[in-house]
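Listed below are the residues making up each chain.
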Amino acid sequence: MTLVAVLDYGSGNVHSATRAVAAAGAEVVLTADPELCRRADGLVVPGVGAFAACMDALVAIDGPAIIGARLDAGRPVLGICVGHQVLFDRGIEHGRRADGLGLLPGVVEKLDALPLPHMGWNTVTPPSGSRLFAGIAKERFYFVHSYGVHSLAGPLPGAALTWAEHGGDRFIAAVEDGPLWSTQFHPEKSGTAGARLLRNWIDTLTEGDR
C-alpha cells in the first residue's frame, strides 16, 4: 500500500488530514521523523491558523529541510490551507511580514473581499489537463481563510494553477508544480470531491515521472 507521511508539527488539522488520507486509500503515519518523511511515497503538509505561527512551528521541527530534501529528490509533497500558503515567499498578516519557504513565488496577503473569513463551499477553475482535479473540475470545495495569493511574483514554468474567487477577489486555489502540489481549500472537509482529489494525488505517488 502507498505510504503517506503527514508532517506532525502541531498544526490543528493534522488528525483530520491523517484520517482523510487514510480514507482515500493510503497507509498513513503522522510523524516529524526526517527519515520516515523522506522514505514515504508522499508527504502532506497541513496547516491552520496564522502564517507566522505555522512557519515558526515548521522551523522548530526542521520542517523546511524535510520538505526541501523531498523536493530536491523529486518526491511528492501536498500542502493544505496554511500548508499551501507557507510554500510561498512570504506572508503579511496584521501588518507583520514573515518569510515562507520560498518554494513558490508569491506573497500571501489579506483578501480584498467581504465577508471575511471566506468560509464555506466554492467552485474552482482548474486548467485543462489538471491531474489533481481529474473528474472533479466542476465540484465545490470547502474554504476557511482570510488570506491568499493573488498572483505569482515570478515565473513558474510548467506549473498548473487553479483559481477561485470570493467577493470579486481572485486568488490561487491550488498549484501543481512537478512534485509540489497544494490547495488553499481543505480536501479533508470537502466531502466526496475532497476524497476524490486526495485519491487523484495518491494515485500519482508511485509513478516514476513524479
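See the structure above.
Note that this is a predicted model, so its numbers are computed, not measured.

Draft legend 1. Quick peek at the overall build of the protein chain. Broken down by element type, the protein chain carries six helices and 13 strands. The globule rule puts the C-alpha radius of gyration for 210 residues at 17 Å, and the 15 Å found for the protein chain is close to it. For the protein chain, the spread of C-alpha atoms along the principal axes amounts to about 45 × 40 × 35 Å. Contacts spanning at least 24 positions in sequence make up 68% of the contacts within the protein chain whose residues lie at least 6 apart.

Draft legend 2. The arrangement of the sheet that holds strand β5 (residues 88-93) in detail. A sheet is described by the order of its strands in space; here four strands give the open sequence β6-β5-β7-β10, paired in mixed fashion. A strand with exactly one partner marks an edge of an open sheet, and here the two such strands are β6 (96-99) and β10 (147-149). For this sheet the average axis-to-axis angle between neighbouring strands, irrespective of direction, equals 20°. Across the sheet, helix α3 (residues 51-60) touches β5, β6 and β7 (104-110), and the angle it forms with β6 is around 30°.

Draft legend 3. Looking closely at the sheet that holds strand β4 (residues 77-80). Taken together, the seven strands give an open sheet; going across it, the order is β2-β1-β3-β4-β13-β12-β11, and neighbouring strands pair in mixed fashion. One side of each edge strand has no neighbouring strand; the edge strands of this open sheet are β2 (27-31) and β11 (160-166). With strand direction ignored, the average angle separating the axes of adjacent strands in the sheet is 25°. When strand β1 (residues 3-7) meets β2, the two strands line up parallel, connected through five bridges. Following the sheet pairing, leucine 7 is matched in β2 by threonine 31.

Draft legend 4. Quick look at the pattern of salt bridges. Counted according to the given criterion, the structure contains three salt bridges. Of the charged contacts in the structure, one is a salt bridge between arginine 39 and glutamate 35, with a shortest N-O distance of 3.7 Å. Here arginine 39 pairs with glutamate 35, and both are found in helix α2 (residues 34-39), just four residues apart, close to one helical turn. Residue arginine 131 is joined to glutamate 207 by a salt bridge in which the shortest nitrogen-to-oxygen separation is 2.8 Å. With arginine 131 in the loop between β8 (118-123) and β9 (140-145) and glutamate 207 in the segment after α6 (191-204), the pair connects residues that are 76 residues apart, well separated along the chain. For glutamate 207, a relative accessible area of 27% gives the class partly exposed. Through salt bridges that share partners, Glu35, Arg38 and Arg39 make up one connected network.

Here is what the cut-offs are and how they apply
Residues numbered from 1 in each chain as written. Predicted model: local features only at pLDDT ≥ 70, side-chain atom pairs only at ≥ 80, totals over all residues. Heavy atoms only, no water. Helix = DSSP H or I, 4+ residues; strand = E, 2+ residues; numbered from the N terminus. Rg over C-alpha atoms; globule rule 2.2 N^0.38 Å. Contact = heavy atoms within 4.5 Å. Pairing = 2+ DSSP bridges. Axes fitted to C-alpha atoms, helices over the stretch in contact; angles between N-to-C directions. Salt bridge = Lys/Arg side-chain N within 4 Å of Asp/Glu carboxyl O. Buried < 20%, exposed > 50% of the residue type's maximum accessible area, 1.4 Å probe, protein only.

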